[in-house]
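Residues per chain, in single letters:
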Amino acid sequence: MFTPDPIPWPSRPPASSTPLGDYLTRQPRPGVDGGYAVLPRSLAEAMPLPWQQQMSNLLAEFHQAFGHLQWPVYRVVPSRYERLVDLDDDQLAEVGCTVEVGDNGDLEYRMRDGRRIANPENHQVLVSCLDPILRQDPGGQQPMPAAPPPPAW
């Protein structure tokens, strides 16, 4: 039998066709930038066993689907943003900048190609740093994940 009542609309937004992309771009996430999502191996291996089993299954499917592509070897370097004026000579060289005294006696920051950097005190660059993530120590303390948030349903 049919009811004269209207069909209720769902109370939540429709499911996305790009849920992973949505999650990674919704807000800043640790280890994520515009091109990559990096998981520190020590943290992945410190996950509870059921998480590791799920992750290994997902990665196996991922590699089965995309293993035929020519993958480069990735070099992941822990980095952080710093103001250009706070860098030492080695860090300036790492980001491809030089600093010299200009004609008026002020410091001038320049890129390798000679372009002058305006407002170096507000210019941030990515420089390498020591890795703050603990390495897995077979006999020592393992990093533990925080308690997962409750489901949002």
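Residues numbered from 1 in each chain as written. Predicted model: local features only at pLDDT ≥ 70, side-chain atom pairs only at ≥ 80, totals over all residues. Heavy atoms only, no water.

*Asks:* How should I be thinking about unusual backbone geometry in this particular structure?
*Replies:* Trans is the prevailing form of peptide bonds, just as negative phi is the prevailing case for residues other than glycine. Phi is positive for Asn119, close to 50 degrees, though the residue is something other than glycine. Checked against the element boundaries, Asn119 lands in the loop between strand E3 (107-111) and strand E4 (124-128). A relative accessible area of 48% places Asn119 in the partly exposed class. (Helix = DSSP H or I, 4+ residues; strand = E, 2+ residues; numbered from the N terminus. Buried < 20%, exposed > 50% of the residue type's maximum accessible area, 1.4 Å probe, protein only.)

*Asks:* Teacher, can you tell me more about the nonpolar core here?
*Replies:* One broad trend across soluble globular proteins is that nonpolar side chains are buried collectively. Ranked by size, the top nonpolar core spans 9 residues in total: Leu84, Leu87, Leu92, Val95, Cys97, Tyr109, Ile117, Val125 and Val127. Secondary structure elements with two or more residues in this core: helix H4 (89-95) and E4. Those residues in contact with Cys97, other than ones at most four positions away along the chain, are Leu84, Leu92, Arg110, Met111 and Ile117. (Core = buried A, V, L, I, M, F, W, Y, C linked by side-chain atoms within 4.5 Å. Contact = heavy atoms within 4.5 Å.)

*Asks:* What exactly am I supposed to notice about the pattern of salt bridges here?
*Replies:* One pass over the full model with this rule turns up 7 salt bridges. As a salt-bridge pair, Arg110 and Glu100 come within 3.4 Å of each other at their nearest N and O atoms. In this pair, Arg110 is assigned in strand E3 and Glu100 in strand E2 (residues 97-101), connecting sequence segments 10 residues apart. Under the relative-accessibility criterion, Arg110 is labelled partly exposed at 21%. (Salt bridge = Lys/Arg side-chain N within 4 Å of Asp/Glu carboxyl O.)

*Asks:* What am I meant to see in the pairing of E4 here?
*Replies:* Where burial is concerned, the two faces of E4 differ: the one with Val125 and Val127 is buried and the one with Gln124, Leu126 and Ser128 is not. In the sheet, strand E1 (residues 79-83) pairs with E4 via 5 bridges, with the strands oriented antiparallel. By the bridge assignment for E4, Ser79 is matched with Ser128. (Pairing = 2+ DSSP bridges.)

*Asks:* What should I look at first to understand the packing of aromatic side chains in this one?
*Replies:* For any pair of aromatic rings, geometry is given as the distance between the ring centres together with the angle between the planes. Counted by the stated rule, this structure contains 3 aromatic pairs. Note on Phe62 and Phe66: the rings are 5.2 Å apart at their centroids and 50 degrees apart in plane angle, and the pair reads as tilted. One end of the pair, Phe62, and the other, Phe66, are both in helix H3 (residues 49-66), 4 residues apart, so they sit about a helical turn from each other. Each ring, one from Phe62 and one from Trp71, has its centre 6.0 Å from the other, and the planes form 85 degrees; the classification is edge-to-face. What links up through ring pairs into an aromatic cluster is the set Phe62, Phe66 and Trp71. (Phe/Tyr/Trp six-rings, centres within 6.5 Å; stacked < 30°, edge-to-face > 60°.)

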